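So you can see what is in the structure, the chains are spelled out below.
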Amino acid sequence: MAQFTVQLTTQLDRLGHHGVRRGGHERPPTLVAVAHGSRDPEALRTVHALLDRVRALRPGLPVRLGHIELNRPLLSDTLAALRGEAVLVPLLLSRGHHIKQDIPAAVAAAPHLTARIAAPLGPDPLLAEALHARLAEAGRRAAAPHRTGGVVLAAAGSRDPDAAVDTARTAALLSARLGGVPVLPGHASGSGPTVPDAVRALAELGHERIAVASYFTAPGRFATQCASAAPGLAAAPLGAHPAVARLVLRRYEQALTSAPLSHPAATVGV
């Protein structure tokens, strides 16, 4: 699986470095990163840092930002200012209402664009890589015995059951990346166990050193809430980790190569 992931990443990177030709023009479709938005000012700074990494990885690719709520520019304003072709890449980590309803509605309200909507960032092995790195940065020892160590994957949560499925898949990927350390999802909202529930479940199984991995793109209220529930170590959100920047470009390329841009709006992978 790891070998396949590396091969796919390499193939997509090679494709992207040569650009996407449309009607004889080298200018590729605009990548529109769709962030949720937050009242935490650090969230906006983090998203800008992530997009700076994306631009550094792919010079010449036009990259714009649009928010679903709370921050400017709003997605509707970003789309209104664009012309031609665009690929919307949600900086969201699972399927849910924003992916299935809000973002398609924004595209439908911009009929002047030829646009595609990429799949959310998660689940993906690159996110497991970034989560592993954030845990290491926070001080988690890689050699912690499985019988005493455990991790809670703290996520936003959703009432959409597909979101829980996606988060559980990421928990499995992170567990594998950690060498089999048990990883249980915990949610800040919606259905499913909370972070304190997941901490208790691991403790009841005999795991004493429990860390919380922050499965959020950027800082915000939910990330802070989940970190405060950690019995000990709490990692930082994914942020502008290089693996996340690579994943943003992967989702962009996957959307472009899945089918031609032949109609006003399409959603890939949902």
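Data block above holds the structure.
The rules we used
Residues numbered from 1 in each chain as written. Predicted model: local features only at pLDDT ≥ 70, side-chain atom pairs only at ≥ 80, totals over all residues. Heavy atoms only, no water. Pairing = 2+ DSSP bridges. Helix = DSSP H or I, 4+ residues; strand = E, 2+ residues; numbered from the N terminus. Axes fitted to C-alpha atoms, helices over the stretch in contact; angles between N-to-C directions. Buried < 20%, exposed > 50% of the residue type's maximum accessible area, 1.4 Å probe, protein only. Right-handed = clockwise from strand over helix to strand, strands pointing away. Core = buried A, V, L, I, M, F, W, Y, C linked by side-chain atoms within 4.5 Å. Contact = heavy atoms within 4.5 Å.

**Q** Looking at this model, I keep getting lost on the sheet that holds strand 5 (residues 149-155). Mind explaining?
**A** Hydrogen bonds between backbone groups are what pair the strands of a sheet, and the pairing can be parallel or antiparallel. Overall, parallel pairing links the 3 strands, which are arranged 6-5-7 in an open sheet. Lying at the two open borders of the sheet, with one neighbouring strand each, are strand 6 (183-187) and strand 7 (209-214). Going from strand to strand, the sheet's axes swing by 30° on average, the running direction of each strand aside. In the sheet, strand 5 pairs with strand 6 via 5 bridges, with the strands oriented parallel.

**Q** Looking at this structure, how should I read the pairing of strand 3 (residues 84-90)?
**A** A regular strand places its side chains on the two faces of the sheet in alternate fashion. Counting buried residues in strand 3 gives 5 out of 7 residues, a clear majority hidden from the surface. Pairing between strand 1 (residues 30-35) and strand 3: 5 bridges, direction parallel. Bridge pairing in strand 3 links Thr-30 to Ala-86. Where strand 3 lies against strand 4 (residues 113-117), 5 bridges are found, and the strand directions are parallel. Along strand 4, the bridge assignment pairs Leu-88 with Ile-117. Crossover connection from strand 3 via helix 4 (residues 97-108) to parallel strand 4: handedness right-handed.

**Q** Would you mind going over the nonpolar core with me for this structure?
**A** Across soluble globular proteins, you tend to see nonpolar side chains buried next to one another. Leu-31, Leu-121, Val-151 and Leu-174 are the most contacted members of the largest nonpolar core, which has 46 residues in total. The biggest single contributor to this core is helix 9 (residues 242-258), with 9 residues. Leu-174 has contacts with Ala-128, Leu-131, His-132, Leu-135, Val-151, Leu-153, Val-183 and Ala-213, leaving out every residue within four places of it along the chain. Formed by 16 residues, the second largest nonpolar core is a distinct cluster that contains Leu-88, Ile-103, Val-107 and Leu-113.

**Q** I keep staring at the sheet that holds strand 3 and nothing clicks. Help me out?
**A** Taking strand neighbours across the sheet as the criterion, the 4 strands line up as 2-1-3-4 in an open arrangement whose pairing is parallel. Each edge of the open sheet is held by one strand with a lone partner, namely strand 2 (63-67) and strand 4. Pairwise comparison of adjacent strand axes, ignoring direction, gives a mean angle of 30° for this sheet. Summarising the sheet, strand 1 and strand 2 pair through 5 bridges and their orientation is parallel. Along strand 2, the bridge assignment pairs Val-32 with Arg-64. Lying on the sheet, helix 2 (residues 41-57) is in contact with strand 1 and strand 2; it crosses strand 2 at an angle near 155°. Taken strand by strand, helix 9 contacts strand 1, strand 3 and strand 4, and its axis lies near 130° from that of strand 3.

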